[in-house]
Amino acid sequence: GQQVMQIPQYQHVQEGEDFTTYCNSSTTLSNIQWYKQRPGGHPVFLIQLVKSGEVKKQKRLTFQFGEAKKNSSLHITATQTTDVGTYFCAGPAGANNLFFGTGTRLTVIP
Amino acid sequence: ETGVTQTPRHLVMGMTNKKSLKCEQHLGHNAMYWYKQSAKKPLELMFVYSLEERVENNSVPSRFSPECPNSSHLFLHLHTLQPEDSALYLCASSQAWTGRTDTQYFGPGTRLTVL
C-alpha cells in the first residue's frame, strides 16, 4: 500500500538555526501538500506543489518537489519560536483523499 | 478560523456509553472527513463522504459509525468504545473534484478520553 514517510520524526533546534524535514513516497505523486499543526491545535494547510522540481517560498519557508515527484522537502531558515509544531506532508490517495505522512515535530529552543 | 466547527471540544466517556461527535462546515464544500490522531500515530483517515459517496477505512472498528445527513454536517456515533480509542478526532472538509485532490480544512478536533 501507499506509504509516505517523513524524516526526522523529531527535531530540536536552537532559535536561529535552520530546519529541514523530508518527505518520501513509495509511489509517484501527482501533487504534494504541506500542513502545520501547532501544539494543541489542528492541521493547517501551508502549500501545494504540483510540478516536477517545483520550488515555492513563503517568507522563511522553502518547499521543494522532487524531479521524480516521489519526494519533497520543507526548509525553514533561521527558525523562530513561532515555528514550533508538527509538519505533515500529504499526497493524493484515491479520489479526493489525502494520505498524510508521519510528521516531523519541531521544537525551537529560545 | 470558524470554517469548520466541532462539538464537543472535549469528551470523557465510559466504555458502555453512547455519544456522538458533531462537525459542521461553513465553506460550501462537498466532501467531509473524519480522522483519528493519537499520540504516536500520524493522521489516520477513518471515513470520507465525497460527492455523496461514502468511503471508509476497512480497519475502523464497527463501534464507530458515521452519518452525513447533508454536505454541511457530519457526525461520528460512538458506541462501547475501548480505552485505546482515546485520541483527538479531527473533522475536515474540502471541495471535491473528479480526479483532483483539493486542500483540506480541519476543525479544532474533539479530544476524547475513554475510561
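Our structure is the block above this text.
Residues numbered from 1 in each chain as written. Chains lettered and ligands numbered in written order. Predicted model: local features only at pLDDT ≥ 70, side-chain atom pairs only at ≥ 80, totals over all residues. Heavy atoms only, no water.

**Brief notes about the overall build of chain A**
Item 1. Regarding its fold elements, chain A presents zero helices and eleven strands.
Item 2. For a compact globule of 110 residues, the expected C-alpha radius of gyration is about 13 Å, and chain A comes in at 13 Å, within 12% of that figure.
Item 3. With respect to the principal axes defined by its C-alpha atoms, chain A has extents near 40 × 25 × 20 Å.
Item 4. Within chain A, the proportion of its 110 residues that are buried is 48%.
Item 5. A total accessible area of about 5200 Å² is found for chain A, and carbon and sulfur atoms account for 53% of it.
Item 6. Each charge class in chain A was averaged separately, 10 positive and 6 negative side chains, and the resulting centres sit 9 Å apart. (Helix = DSSP H or I, 4+ residues; strand = E, 2+ residues; numbered from the N terminus. Rg over C-alpha atoms; globule rule 2.2 N^0.38 Å. Buried < 20%, exposed > 50% of the residue type's maximum accessible area, 1.4 Å probe, protein only. Areas by Shrake-Rupley, 256 points an atom, 1.4 Å probe, with all protein chains shown as cover. Lys, Arg positive; Asp, Glu negative; His and termini not counted. Charge placed at Lys NZ, Arg CZ, Asp CG, Glu CD.)

**Some details on the overall build of chain B**
Item 1. Each helix and strand counted, chain B has zero helices and eleven strands in total.
Item 2. For chain B, the N- to C-terminal ordering of α and β elements is β-β-β-β-β-β-β-β-β-β-β.
Item 3. Here the C-alpha atoms of chain B give a radius of gyration of 14 Å, agreeing with the 13 Å that 2.2 N^0.38 yields for 115 residues.
Item 4. Oriented by its inertia axes, the alpha-carbon framework of chain B measures out at about 40 × 30 × 30 Å.
Item 5. By the burial criterion, 44% of the 115 residues in chain B qualify as buried.
Item 6. Considering only contacts in chain B between residues 6 or more positions apart, those separated by 24 or more positions represent 55%.
Item 7. Looking at chain B as shown, the accessible area adds up to about 5800 Å², and 50% of this sits on carbon and sulfur atoms. (Contact = heavy atoms within 4.5 Å.)

**Quick notes on the pairing of strand 9 (residues 87–94) of chain B**
All names here are of chain B.
Item 1. For strand 9, the tally of buried residues reaches eight of eight residues, placing the bulk of the element in the interior.
Item 2. With seven bridges connecting them, strand 4 (residues 31–37) and strand 9 associate as antiparallel partners. Bridge assignment links Ala 31 to a residue of strand 9, and that residue is Ser 94.
Item 3. Sheet topology note: the strand 9/strand 11 (residues 110–114) ladder contains three bridges and is antiparallel. Across the sheet, the residue bridging to Ala 87 is Leu 112, located in strand 11. (Pairing = 2+ DSSP bridges.)

**Looking at the state of the cysteines**
Item 1. Summed over the entire model, instances satisfying the criterion amount to two disulfides over all chains.
Item 2. With a sulfur-sulfur separation of 2.0 Å, Cys 23 of chain A is cross-linked through a disulfide to Cys 89 of chain A. Its torsion about the S-S bond being 75°, the disulfide of Cys 23 of chain A and Cys 89 of chain A is classed as right-handed. One end of the pair, Cys 23 of chain A, is in strand 3 (residues 19–25); the other, Cys 89 of chain A, is in strand 9 (residues 85–92), and 66 residues separate them in sequence.
Item 3. Classification of Cys 23 of chain A as buried rests on a relative accessible area of 1%.
Item 4. The class of Cys 89 of chain A is buried, set by a relative accessible area of 0%.
Item 5. Residue Cys 68 of chain B stays outside any disulfide, its sulfur separated by 9.0 Å from that of Cys 91 of chain B, the closest cysteine. (Disulfide = S-S within 2.5 Å.)

**So, the packing of aromatic side chains**
Residues and elements named next belong to chain A.
Item 1. Summed over all chains, the structure comprises eleven aromatic pairs over all chains.
Item 2. Their ring planes at 45° and their centres at 6.0 Å tell us that Phe 19 and Tyr 87 sit as a pair that is tilted. Of the two residues, Phe 19 sits in strand 3 while Tyr 87 sits in strand 9, which places them 68 residues apart along the sequence. The same class applies to Phe 19 as to Tyr 87, namely buried. (Phe/Tyr/Trp six-rings, centres within 6.5 Å; stacked < 30°, edge-to-face > 60°.)

**A few points about the environment of Leu 106 of chain A**
Residue and element names in this part refer to chain A.
Item 1. You can see Leu 106 is positioned in strand 11 (residues 104–109).
Item 2. For Leu 106 and Val 84, which are 22 residues apart along the polypeptide, the C-alpha to C-alpha distance reads 5.3 Å.
Item 3. If sequence neighbours within four positions are ignored, Leu 106 has contacts with Gln 11, Val 13, Phe 19, Ile 76, Asp 83, Val 84, Gly 85 and Tyr 87.

**A word on the nonpolar core**
Item 1. Core analysis: the largest hydrophobic core is formed by 21 residues, its most contacted members being Trp 34, Met 46, Phe 64, Leu 76, Leu 78, Tyr 89 and Leu 112 of chain B.
Item 2. Sorting the residues of this core by element identifies strand 2 (10–13), strand 3 (18–25), strand 4, strand 5 (44–50), strand 8 (73–79), strand 9 and strand 11 of chain B as the ones contributing at least two each.
Item 3. If near-sequence neighbours (up to four positions away) are discounted, Phe 64 of chain B is found in contact with Met 46, Phe 47, Leu 76, His 77, Leu 78, Leu 81, Asp 85 and Tyr 89 of chain B.
Item 4. Of all hydrophobic cores here, the second largest spans 19 residues; its members include Leu 46, Ile 47, Leu 49 and Val 108 of chain A. (Core = buried A, V, L, I, M, F, W, Y, C linked by side-chain atoms within 4.5 Å.)

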